[in-house]
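A look at the structure
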Amino acid sequence: MADCVFCKIAAGDIPAAIIDEDDHAFAFLDIRPLTRGHMLVVPKEHVARLADLKETPRRSLWDLVHGLVPRIEESVSADGMTVAVNDGSAAGQEVPHVHVHLVPRKKGDGYGPIHALFGTPKEADKKELGILAEQI
Ligand code: AMP
Ligand code: ZN
């Protein structure tokens with residue numbers, strides 16, 4: 001898509017620190033890293049939402065994620081990784097081109113789990129969980 005920043009990176013029209021790629025997806029360092037080594041894994045073809053991804057780019061995307069996590073951990077001496085997708089503007093997605101955030105984490109870094117975004121959850125009603133599971 002012409003005015004999409006990640007399409008421009010995919011086309012080589014704007015620079016990025018590209019880490020890895022295959023025919024259908026690639027990974028590059030986030031320009032405003034949450035932690036050192038923060039990376040985005042992106043399909044080369046423009047799609048806005050995870051559900052829009054076709055099988056081939058979907059496999060490439062998740063295969064890259066799978067391979068990169070241990071490589072990044074090793075490179076920046078991380079102890080873990082927050083793997084996150086803001087899927088849709090309601091979920092905070094700012095660039096409307098699918099991207100998986102890989103955010104290296106260290107023991108005791110103080111950021112906590114992404115659950116912390118939502119405050120303290122209450123135990124769900126079991127009957128309600130059953131009804132919801134049926135609906136989904
Ligand atoms: P999101 O809020 O999930 O849509 O995240 C978009 C991410 O893209 C943010 O973490 C930005 O820092 C990152 N970003 C935006 N433009 C660029 C760029 N030109 N190169 C690398 N990362 C970028
Ligand atoms: Zn795009």
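Below or above, wherever it landed, is the structure these notes cover. The structure presented is a predicted model; accordingly, all values stated were derived computationally and were not measured.

1. Observations concerning the side chain of His 101
Among the secondary structure elements, His 101 is positioned in strand β5 (residues 100-105). Take His 101: its relative accessible area is 14%, and that puts it in the buried class. Among the polar contacts listed, one links the side chain of His 101 to the side chain of His 38, at a separation of 2.9 Å. Residues contacting His 101, with those up to four places away along its chain left out, are Asp 30, His 38, Met 39, Leu 40, Thr 82, Val 83, Ala 84 and Asn 86.

2. Details of a nonpolar patch on the surface
On the surface, Ile 114, Leu 117 and Phe 118 cluster together to form a nonpolar patch covering roughly 400 Å² of accessible area. In this fold, Leu 117 is placed in the loop between β5 and α3 (126-135).

3. Here's the deal with the coordination of the zinc ion (ligand 2)
Within the protein, Cys 4 (SG), Cys 7 (SG), His 46 (ND1) and His 97 (ND1) serve as the donor atoms for the zinc ion (ligand 2), at 2.0 to 2.3 Å. Relative to the metal, the four donor atoms surrounding the zinc ion (ligand 2) lie at angles of 107 to 117°, and the coordination shape comes out tetrahedral. Read in sequence order, the donor residues for the zinc ion (ligand 2) give the motif C-x2-C-x38-H-x50-H. Separated by 39 residues along the polypeptide, Cys 7 in helix α1 (residues 5-10) and His 46 in the loop between β3 (39-43) and α2 (55-76) bring together distant segments of the chain.

4. Here's the deal with the nonpolar core
Side chains that are nonpolar tend, in soluble globular proteins, to be buried together. Core analysis: the biggest nonpolar cluster contains 18 residues, and Val 41, Leu 68, Ile 72 and Leu 102 have the highest contact counts within it. When contributions to this core are tallied by element, the ones reaching two or more residues are β2 (25-29), β3, α2 and β5. Looking at this core element by element, the count peaks at seven residues for α2. Setting aside residues up to four positions removed in sequence, Val 41 forms contacts with Phe 26, Ala 27, Leu 61, Leu 64, Val 65, Leu 68, Val 98, His 99, Val 100 and Leu 102. In terms of nonpolar packing, the next biggest core, distinct from the first, is built from eight residues, Cys 4, Ile 9, Phe 28 and Leu 40 among them.

5. Looking at the layout of surface pockets
Counted as a void, the largest pocket has a volume near 500 Å³. Along the walls of the largest pocket sit 22 residues, with Phe 6, Asp 30, Ile 31, Arg 32 and Leu 40 positioned nearest its centre. Those elements that provide at least two residues to the lining of the largest pocket are α1 and β2. Broken down by class, the residue content of the lining of the largest pocket amounts to 13 nonpolar, six polar and three charged. Of the pockets and cavities examined, the second largest pocket occupies roughly 330 Å³. Around the second largest pocket sit 14 residues that line it, and Leu 34, Thr 82, Val 103, Ile 114 and Leu 117 are the ones nearest its centre. Those elements that place two or more of their residues in the lining of the second largest pocket are β4 (80-84) and β5. The greatest single-element share of the lining of the second largest pocket, amounting to three residues, is contributed by β5. Grouping the constituent residues of the lining of the second largest pocket by class yields eight nonpolar, five polar and one charged.

6. Remarks on the sheet that holds β5
Ordered in space as β1-β2-β3-β5-β4, the five strands form an open sheet in which the pairing is antiparallel. Edge strands, defined here as strands with exactly one partner in the open sheet, are β1 (18-21) and β4. Each strand of the sheet is rotated relative to its neighbour by a mean of 20°, with strand direction disregarded. Pairing of β2 with β3 involves five bridges; the strand directions are antiparallel. Of the residues in β3, the one forming a bridge with Phe 28 is Leu 40.

Reading the values: rules and limits
Residues numbered from 1 in each chain as written. Chains lettered and ligands numbered in written order. Predicted model: local features only at pLDDT ≥ 70, side-chain atom pairs only at ≥ 80, totals over all residues. Heavy atoms only, no water. Helix = DSSP H or I, 4+ residues; strand = E, 2+ residues; numbered from the N terminus. Buried < 20%, exposed > 50% of the residue type's maximum accessible area, 1.4 Å probe, protein only. Polar contact = N/O pair within 3.5 Å; in protein donor to acceptor, adjacent residues only side chain to side chain. Contact = heavy atoms within 4.5 Å. Patch = residues over 30% accessible without salt bridge, like charges linked within 9 Å, V, L, I, M, F, W, Y side chains within 5 Å. Areas by Shrake-Rupley, 256 points an atom, 1.4 Å probe, with all protein chains shown as cover. Salt bridge = Lys/Arg side-chain N within 4 Å of Asp/Glu carboxyl O. Donors = N, O, S within 2.8 Å, 3.2 Å for Na, K, Ca; no water. Tetrahedral: all angles 85-135°; square planar, octahedral: opposite > 155°, others 65-115°. Core = buried A, V, L, I, M, F, W, Y, C linked by side-chain atoms within 4.5 Å. 1 Å grid on protein atoms, 1.4 Å probe; cavity = no way out; pocket = protein on both sides within 12 Å on 5 of 7 lines; lining within 4 Å. Points joined across faces, edges and corners; volume = space filled by probe spheres on them. Nonpolar A, V, L, I, M, F, W, Y, C, P; charged D, E, K, R; others polar. Pairing = 2+ DSSP bridges. Axes fitted to C-alpha atoms, helices over the stretch in contact; angles between N-to-C directions.

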